[in-house]
Amino acid sequence: MNVINLDRKILWKQVGGLASMLAAIVFCWMAYEFYQPQILRNLGFLELATWLGVIQGILAAGVEPVVGGLSDRIMRIVGSRLPIIAVGVTLAGAIFVIVSGLLDRNLPEGIRWLVPGLMTLWVIAMIVFRGPAIAILQQLAPTEALPQANALLVFVFALTGACHPMINLLLKN
């Protein structure tokens, strides 16, 4: 007979940390959505500013399931999703710093295309770690308590999203 451990509790501190990370990710997407068109317009890519978000969304729809499958395989082999999360966070941070550095310079015409390409790679890097990071919730709560633990993530996601107009005002100023 299989014994099920019903004494396992929700690790609320870790779930809170995961919720904080989710809020940070949502904030990053809001800032990206706010600044991307301005950056592209300033670089002379007025028409691309409209379409790049659509192209990146379609790309994300294809990348996300692939990354999810890879994350599941890594979880089975290594026992942790941390390797793929670390790669995604490192890439996203490095690309952010590189793009910031490029924007401080007067880029020649031929190099300007590097910025939209790097912005697209940043979107992919964010996708690489977002799903696997949220999937860690399965390790922080027993299966029967996942809806309770996930409620905190949903609340934080909704609250951060509801703050979108205020965040846009802050970004404008």
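Figured I'd write up the structure that's included with this text. Quick caveat, the model's predicted, so the values are computed rather than measured. (Residues numbered from 1 in each chain as written. Predicted model: local features only at pLDDT ≥ 70, side-chain atom pairs only at ≥ 80, totals over all residues. Heavy atoms only, no water.)

## What to know about the packing of aromatic side chains
- Under the counting rule described, the total for this entry stands at 5 aromatic pairs.
- Taken together, Trp29, Tyr32 and Trp122 form an aromatic cluster joined through their ring pairs. (Phe/Tyr/Trp six-rings, centres within 6.5 Å; stacked < 30°, edge-to-face > 60°.)

## Overview of the packing of helix 6 (residues 146–162) against helix 7 (residues 164–172)
- Where helix 6 contacts helix 7, the two axes come as close as 5 Å, and the packing angle between them is 50°. By the angle class used here, helix 6 and helix 7 are oblique. Facing Thr160, Gly161 and Ala162 of helix 6, the residues of helix 7 in contact are His164, Pro165 and Ile167.
- When grouped by side-chain class, the residues that make up the contact of helix 6 with helix 7 number 3 nonpolar, 3 polar and no charged. (Axes fitted to C-alpha atoms, helices over the stretch in contact; angles between N-to-C directions. Helix = DSSP H or I, 4+ residues; strand = E, 2+ residues; numbered from the N terminus. Parallel < 35°, antiparallel > 145°, perpendicular 65-115°, else oblique. Contact = heavy atoms within 4.5 Å. Nonpolar A, V, L, I, M, F, W, Y, C, P; charged D, E, K, R; others polar.)

## Some details on the environment of Val89
- Positionally, Val89 belongs in helix 3 (residues 82–103).
- Separated by 37 residues in the primary sequence, Val89 and Met126 have C-alpha atoms spaced 7.1 Å apart.

## Looking at helix 6
- Taking 1.5 Å per residue, 17 residues should reach 24 Å; helix 6 reaches 24 Å between its end C-alpha atoms and fits that length.
- By the burial criterion, the buried members of helix 6 are Ala149, Leu153, Val156 and Thr160. Each buried residue of helix 6 lies within a common arc of 60° when the element is viewed along its axis, so the set occupies one face. Turned more than 90 degrees from where helix 6 packs its buried face, Pro147, Gln148, Phe155 and Ala162 sit exposed.
- Against helix 1 (12–42), helix 4 (114–135), helix 5 (137–140) and helix 7 lie the buried residues of helix 6. (Expected span 1.5 Å × (residues − 1). Buried < 20%, exposed > 50% of the residue type's maximum accessible area, 1.4 Å probe, protein only. Arc of directions from axis to C-beta.)

## Remarks on the packing of helix 2 (residues 46–78) against helix 4
- Packing of helix 2 against helix 4 leaves a shortest axis separation of 9 Å and a crossing angle of 35°. For helix 2 against helix 4, the interelement crossing comes out right-handed. Each of Leu48, Leu52, Gln56, Leu59, Ala60, Val63, Glu64, Val67 and Ser71 in helix 2 lies in contact with helix 4, whose residues at this interface are Pro116, Met119, Thr120, Val123, Ile124, Ile127, Val128, Arg130, Gly131 and Pro132.
- Split by residue class, the contact of helix 2 with helix 4 holds 13 nonpolar, 4 polar and 2 charged. (Left-handed = near helix turned anticlockwise from the far one by under 90°.)

## Here's the deal with a nonpolar patch on the surface
- Taken together, Trp51, Val54, Ile55 and Ile58 make up a surface patch of nonpolar side chains, about 430 Å² in accessible area.
- A relative accessible area of 62% places Ile58 in the exposed class. (Patch = residues over 30% accessible without salt bridge, like charges linked within 9 Å, V, L, I, M, F, W, Y side chains within 5 Å. Areas by Shrake-Rupley, 256 points an atom, 1.4 Å probe, with all protein chains shown as cover. Salt bridge = Lys/Arg side-chain N within 4 Å of Asp/Glu carboxyl O.)

## Focus: the layout of surface pockets
- In this model, the largest pocket occupies a volume close to 400 Å³.
- Lining the largest pocket are 19 residues, and of these Cys28, Tyr32, Phe96, Ser100 and Trp122 sit closest to its centre.
- Counting residues per element, the ones that place at least two in the lining of the largest pocket are helix 1, helix 3 and helix 4.
- Looking at the lining of the largest pocket, the element that brings in the most residues is helix 3, giving 8 residues. (1 Å grid on protein atoms, 1.4 Å probe; cavity = no way out; pocket = protein on both sides within 12 Å on 5 of 7 lines; lining within 4 Å. Points joined across faces, edges and corners; volume = space filled by probe spheres on them.)

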